[in-house]
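The primary structure of each chain is shown beneath.
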Amino acid sequence: AARGRDAMSAATVPAARMLLLLLASATGGHAMRAGYAARFRQTYLPRTALHSATPNRQDLYGVVAMTSSLRSMCNSDSAQCAARPGIIKLFAEPPPEPSDDDIFDEVYEELSTLQKVLSTLPLPVVKATSNGAVALTALAAWFITPQIGRVGTLISVGLGGAAGRKMGEALENKRRAALPAAIAKLAKEQGVTKLNQKDVARVIEAYDVSSEQAQESLGTVYKKFLNGLLDDEEVETAELSKLSRLRRGLGLGWNTTEGVHTDTASELLDGRRPPPAYKMSPVMRKLLWLSATLFATSKSKAGTEEMAKVLGLQPEGMQQLLGELSMPLYKAAVSQAVGKYNRTETPGVLQTVRRSLCLPDAVAQEVHNSLYDAQLSLLLPSDSDDARLTEEMMTLLGELEGILQIRSANRRLQARTLPIYRQTVVKALSQAGEEGAPPSTQMTGLLAIRAGELALSGAEAKAVFVEEARRRAEALIGEAAAAKQRGNADAATAVLRKTVSYTSYLGELLSKSGWESPSAQPSALVEQYLAALGLSEDEGRAAQSLLAEAPAIAAPASNVLRSMLTLSDASLADARKRYIESLDALLKEGDFGAKAGESLQASADDLPMGARQKLGLDAYYGWLLDLTEGPEPKAAEGEAPPTTPLETALDSAAQLRSCLKLQSISVGELYTNTEVDNLVLSKLSAQLRARAPPPPAVLERLQNAERALAARPGVLAQVLRQLDAK
């Protein structure tokens, strides 16, 4: 009996005190309200709540005085500031980011004083208080109401009881509203990553709420934590892990989770019109990334469709944003996976990572390409003269190509090896025709060994060799023409003879290189590859005059020199004019079929093949320049146009080269000398409003244009790097 009385006292005394506090608040008794409030603060409020109250005047004055002192100290001379580095650091650095505990504390601080009290009371106490309010208010009405008869007394007692019931319900509702704070307190105690769903369920049960109210309270805590993550604009996978574990620990449904994310997006817009995808704020970008990557684990129970409608995003724009945000994270994951897993395991691991990050395949391929290029730059430094690919390096690159599934590994390798091989060729040709030059057989062997060290095929090495051989020949003829124009005939003749020695040495190199038929004559090879050099009109006239006035040069050297000066030969002026007119008509009509090509070649039977090659190359170059100067296509802001005139024209680029009978070596020389392939791809990327990384559809269109141009290896990668720099 004694234990029963103690238990009843423990349950009823707090309830009675709560009722008196409510009655005092309702009747406006200031003294009673103040007295009971002070007593309850001492009895029930935790010390943290007491200490969080407003400080007294003395504390406030102390804060003001300290702040004024610091302000005056930081406004003093630099020597005094330098003596107090801690103070300078205090005012120079941004405030620290809130921790998880601070986020959950905010939920508790949003409660009223009464709710803080109610959250500490057990459910039986609150129930007893609610039920007792009915009897207490009815009894108070019976005492206060004058004697107006039995019926009047019953009415007054009934009204008092009804008022008490409303007071009790209000009391219970206020306590239910404190449920988010109780859940936040539990999350703070256990930690986000270790929150137990069963403990959360027990807290919810103690607050006597419906399942809808429970989900709403859980959503409040989850939303508060989500907003705390959005305070930091940087995207981190650790934050996604915390958010996912918090959702599981809370037992929050996917529908509620999706609603919280969509509501947060609406609040960020604050009634404003959604901006274009490329102008979206970092906070919105991070919210979108957190939502997409989190919902990817829901097995289609949640999605970002509603959020995309709120933000006004099309699927392509959403993929673009997700690619931009996930790219750095995926790059770090790839670096770790390559070092941790073997060749057969890594592709599967990376595929899982891509799905988790909602990363488009095109963006993932760009990451793979950048890592492959980085490895190439380590193995083949561009500033190294003796860089080479060993068998071990080739094995490493082969494994990396398989792991990362590089689709253009050969072209990317050429983008590194061709410039290195070009340096070797330039150095070798600078010695050709000079006194003390090594024998042609030795030089040919050195070039062949260098091409093998860089894993270059014969065709690739030959193209570089011919380009540099023509450039060296143009420099020698230009030097001789300049000496002739200055009136120094002896110097001009000496350079011309040096040119003859150069062409002779070059013929020996070509005949021994293995690139041509063994029966081919060296002079014929040189005449073929050095025909129609690209000289200016003044240089051509001076060179022709020098050739006519110079001492007799025996054949076949004289034939080689005449072939080099074909474009300035006066006897071929009419033939060149007719062929140029035919080229203009062809480009104007736009018909590049086989019949048009045959008709074009038939109109220039009296023109040497080298001259036709050079004039056709000039026409092709002008055609590409005209394409880059075309009108800009119209499209919505931030979106790529459906099809650009430049893209449509580039579809005919390969057909035009075939019609003009342009050799791949000549086209490569044109691109090397003018970089028009880079210009065209840069223009197209601007028309497509490409950004870094470009959307998958835009990247595919750029790759198609690269193939149509037969551009140099690495040019498109260079254009994309330029976009990234912008």
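Scroll up to find the structure.
Not measured: the values here are computed from a predicted model. (Residues numbered from 1 in each chain as written. Predicted model: local features only at pLDDT ≥ 70, side-chain atom pairs only at ≥ 80, totals over all residues. Heavy atoms only, no water.)

Draft legend 1. Quick look at the environment of Arg422. Here Arg422 shows up in helix H22 (residues 409-429). On the accessibility criterion, Arg422 (21% relative accessible area) is partly exposed. Residues Arg422 and Glu467 lie 45 residues apart in sequence; the distance between their C-alpha atoms is 9.3 Å. The residues touching Arg422, leaving out its near neighbours within four places in the chain, are Val464, Glu467, Glu468, Arg471 and Thr672. Within the structure, Arg422 has its side chain in polar contact with the side chain of Glu467 (distance 3.1 Å). Of the polar contacts made by the side chain of Arg422, one reaches the side chain of Glu468; its length is 2.7 Å. (Helix = DSSP H or I, 4+ residues; strand = E, 2+ residues; numbered from the N terminus. Buried < 20%, exposed > 50% of the residue type's maximum accessible area, 1.4 Å probe, protein only. Contact = heavy atoms within 4.5 Å. Polar contact = N/O pair within 3.5 Å; in protein donor to acceptor, adjacent residues only side chain to side chain.)

Draft legend 2. Representation of the pattern of salt bridges. Taken as a whole and judged by the stated rule, the model has 23 salt bridges. For the salt bridge of Asp199 with Arg202, the shortest nitrogen-to-oxygen distance reads 2.1 Å. Taken together, the residues span about one helical turn, with Asp199 and Arg202 both in helix H12 (residues 197-206) at a distance of three residues. For Asp199, a relative accessible area of 18% gives the class buried. Across the pair Glu306 and Lys309 runs a salt bridge, and its minimum N-O distance is 3.9 Å. Taken as a pair, Glu306 and Lys309 lie in helix H17 (residues 305-311) at a separation of three residues, close to a single helical turn. Since its relative accessible area comes to 40%, Glu306 is described here as partly exposed. The network of salt bridges with common partners includes Arg422, Glu467, Glu468 and Arg471. (Salt bridge = Lys/Arg side-chain N within 4 Å of Asp/Glu carboxyl O.)

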